[in-house]
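Chain residues, written in single-letter form:
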Amino acid sequence: MSSPTMNTENGPRVVIIGAGVGGLAMAIALKKKLNFENFTIVEKASSIGGTWRDNDYPGCACDIPVHWYSLSTEINPDWPEQFASQRDILQYWKRIYEKYNLEQYTRFNTRVIESTWDDKRQSWLVNTEKQTENGLVERTILEANVVVSAVGLFVLPFYAGIEGRERFKGIQMHSSRWNHSVNLSGKKVGVIGIGCSAAQIVPEISKDPSVQVVNICRTPTWFSPRGQSSYSAALRTIFRNIPGAAKFYRNFIAVSLGIQVTLLYMRFTAPKKYHKELTPNYPMGCKRVVLDPGYYASLHRPNVELAWGGVKEVLEDGVITGKGEKFELDIIVYGTGFQVLDPALNFYGREGKDLMGYFASKGGPEAYISTTYPGFPNLFTLLGPNTVTGHTSTLYGEEIQINYIFQLIKPILEGSVKSYEIKAEVADRYNVDLQKRISQMTWTECHNHYQAGENGKNTVTFPGSAFRFWRLLRKADYHNYICIVGNDGVESRKNRILEWDV
Ligand SMILES: Cc1cc2nc3c(=O)[nH]c(=O)nc-3n(C[C@H](O)[C@H](O)[C@H](O)COP(=O)(O)OP(=O)(O)OC[C@H]3O[C@@H](n4cnc5c(N)ncnc54)[C@H](O)[C@@H]3O)c2cc1C
């Protein structure tokens with residue numbers, strides 16, 4: 001390993017960690033809204049897209065209408081379908097990436113391993129490691145006035161503590177690490193899980209009648225009818241040619257998207273023999289409701305079988321369920337979700353305060369309005385703790401956060417302020433209230449991946465609507481921040497609130 005080179009370019013600088021849709025949205029906004037170009041996107045993988053790069057399993061698509069699950073500033077009138085495929089979503093982002101020439105700002109195959117706040121310099125030292133082609137590791141330290149962490153929530157595969165995986169002699173893959181060289185034809189495939197990904201994989205792979213699918217589930221999921229409406233050529237022409245039509249439609253989705261879950265839908269669509277087990281025994285909304293991509297209908301296929309009890313153990317040639325049933329398998333697909341907190345996210349703030357230590361002291365991750373942390377000046381997070389607003393577009397949430405972050409970083413990038421740090425008492429008060437609200441919500445009534453903190457602390461969802469999230473973050477509340485001032489005063493900044501149309 002080489003000794004690190006230090007990169008401290010002149011002028012204020014922003015480092016964005018992650019080239020998923022959040023990181024890219026931030027970069028585009030910096031260019032478009034502030035005409036600011038001194039930023040670097042650091043991405044550990046070799047290409048952009050985050051979720052939409054990693055998840056290319058059969059059937060992968062968004063489950064929020066794509067007109068809403070795309071950038072408000074980059075309306076695309078040509079989406080072919082309401083629930084766009086992974087391929088179309090990735091293409092959209094690649095197109096925008098090129099449009100804004102973002103490649104020149106991106107460092108691929110480079111992982112941020114640690115970031116340290118230097119209080120004297122009022123800047124972050126971002127330690128990165130790049131894997132070079134000849135297998136060497138190149139270390140660089142980037143100095144940044146502002147760090148935006150856009151590392152996502154759904155990156156690290158989670159295997160639900162299933163034992164014996166190392167024993168299996170066949171092929172195994174997580175839904176987010178699909179092995180496209182594997183031909184499923186004629187194979188016995190076990191799909192574990194009944195969440196969003198598994199519910200997309202089962203109907204897709206079972207279209208080939210030679211693939212024998214057994215879907216092994218632990219807890220039933222609420223499903224809602226989805227439909228897959230394609231946008232007709234006429235409608236797309238309207239979106240393209242009538243000013244504001246696509247934007248109006250986008251906003252219409254945002255206000256009208258309700259959950260139309262009915263047990264009736266299950267009874268009409270799924271095979272009768274499964275009705276009892278498919279009926280959840282917890283309230284709707286406690287886990288993410290799946291907009292049915294054809295899962296229930298696929299259970300009628302003769303090559304699809306449903307098993308319950310979860311996987312107790314993986315054997316050399318298959319699995320044993322919690323009910324003691326054995327299934328011989330050639331391939332195992334883990335649709336078991338993600339580990340939502342990356343333990344390798346090392347931030348050391350003012351006086352060496354460690355972010356993981358801060359999270360541990362709070363019984364799990366928390367932030368002020370999902371975005372800032374006491375003790376960590378000029379560090380901003382997209383899709384941070386308690387951001388996900390149930391069944392709405394997370395990208396919309398990230399745009400709201402970007403709007404908020406912009407109001408704080410504009411004076412920093414202009415040089416009139418050195419740093420903003422959320423006051424500890426404000427963050428604490430916010431989180432006490434947040435957890436109180438969460439305790440009154442349906443998420444406490446079942447076991448779900450939202451409870452990622454100690455003692456089941458919910459660190460993922462926001463207890464309120466997307467509208468409430470927008471209202472909370474609409475205007476920067478400067479008085480809640482400790483502000484280290486440059487040449488200008490706090491008061492003058494009040495008149496410089498930047499509004500961004502989300
Ligand atoms: C299968 C699937 C379907 C989904 N569908 C929807 C949907 O329909 N609607 C919806 O609202 N949400 C959906 N989501 C949630 C989705 O993750 C978010 O909507 C969105 O993609 C988050 O974008 P992001 O950029 O914040 O994070 P990500 O897309 O996760 O990107 C994070 C990036 O950061 C990089 N990174 C992480 N750590 C480091 C590091 N230390 N150094 C450098 N780079 C790093 C990663 O490689 C990755 O590229 C879905 C998630 C999954 C898994």
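The protein is annotated in an unreviewed UniProt entry as Flavin-containing monooxygenase from Clathrus columnatus. Under the heading Sequence similarities (unreviewed entry), UniProt records this for the protein: "Belongs to the FAD-binding monooxygenase family."

Student: Please provide a residue-by-residue account of the overall build of the protein, values included.
Tutor: Helix and strand counts for the protein come out as 14 helices and 24 strands. The proportion of buried residues among the 502 residues of the protein is 43%. At a minimum sequence separation of 6, the contacts of the protein that also span at least 24 residues come to 73%.

Student: I'd like a rundown of the site of the ligand, residues and numbers included.
Tutor: Of all residues adjacent to the ligand, which total 33 residues, the nearest are Gly18, Gly20, Gly22, Gly50 and Gly152. Across the shell around the ligand, the residue classes break down as 17 nonpolar, 11 polar and five charged.

Student: Tell me what's going on with the UniProt feature "transmembrane region" (unreviewed entry) in the protein, and back it up with residues and numbers.
Tutor: UniProt marks residues 12-30 with the feature "transmembrane region" (unreviewed entry), using the numbering shown here. Helix makes up 53% of residues 12-30 and strand 21%, and the two end C-alpha atoms of the span are 13 Å apart.

Student: I'd love a proper account of the packing of helix α1 (residues 21-34) against helix α11 (residues 394-414), names of residues and values included.
Tutor: To characterise two packed helices, one gives the angle between the axes of the helices and the distance between these axes. Viewed as axis vectors pointing N to C, α1 and α11 meet at an angle of 45°, and their least axial separation amounts to 10 Å. The orientation of α1 with respect to α11, classified from their angle, is oblique. Pair α1 / α11 crosses with right-handed handedness. Between α1 and α11, the residues in contact are Val21, Gly22, Ala25, Met26, Ala29, Lys33 and Leu34 and Leu395, Glu398, Glu399, Ile402, Phe406, Lys410 and Leu413, respectively. Of the residues in the contact of α1 with α11, the class split is nine nonpolar, one polar and four charged.

The rules behind these values
- Residues numbered from 1 in each chain as written.
- Predicted model: local features only at pLDDT ≥ 70, side-chain atom pairs only at ≥ 80, totals over all residues.
- UniProt positions renumbered as here; feature names shortened; annotations may be inferred.
- Helix = DSSP H or I, 4+ residues; strand = E, 2+ residues; numbered from the N terminus.
- Buried ≥ 20, exposed ≤ 12 C-beta atoms within 10 Å, placed from the backbone.
- Contact = placed C-beta atoms within 7 Å.
- Near = placed C-beta within 6 Å.
- Nonpolar A, V, L, I, M, F, W, Y, C, P; charged D, E, K, R; others polar.
- Axes fitted to C-alpha atoms, helices over the stretch in contact; angles between N-to-C directions.
- Parallel < 35°, antiparallel > 145°, perpendicular 65-115°, else oblique.
- Left-handed = near helix turned anticlockwise from the far one by under 90°.

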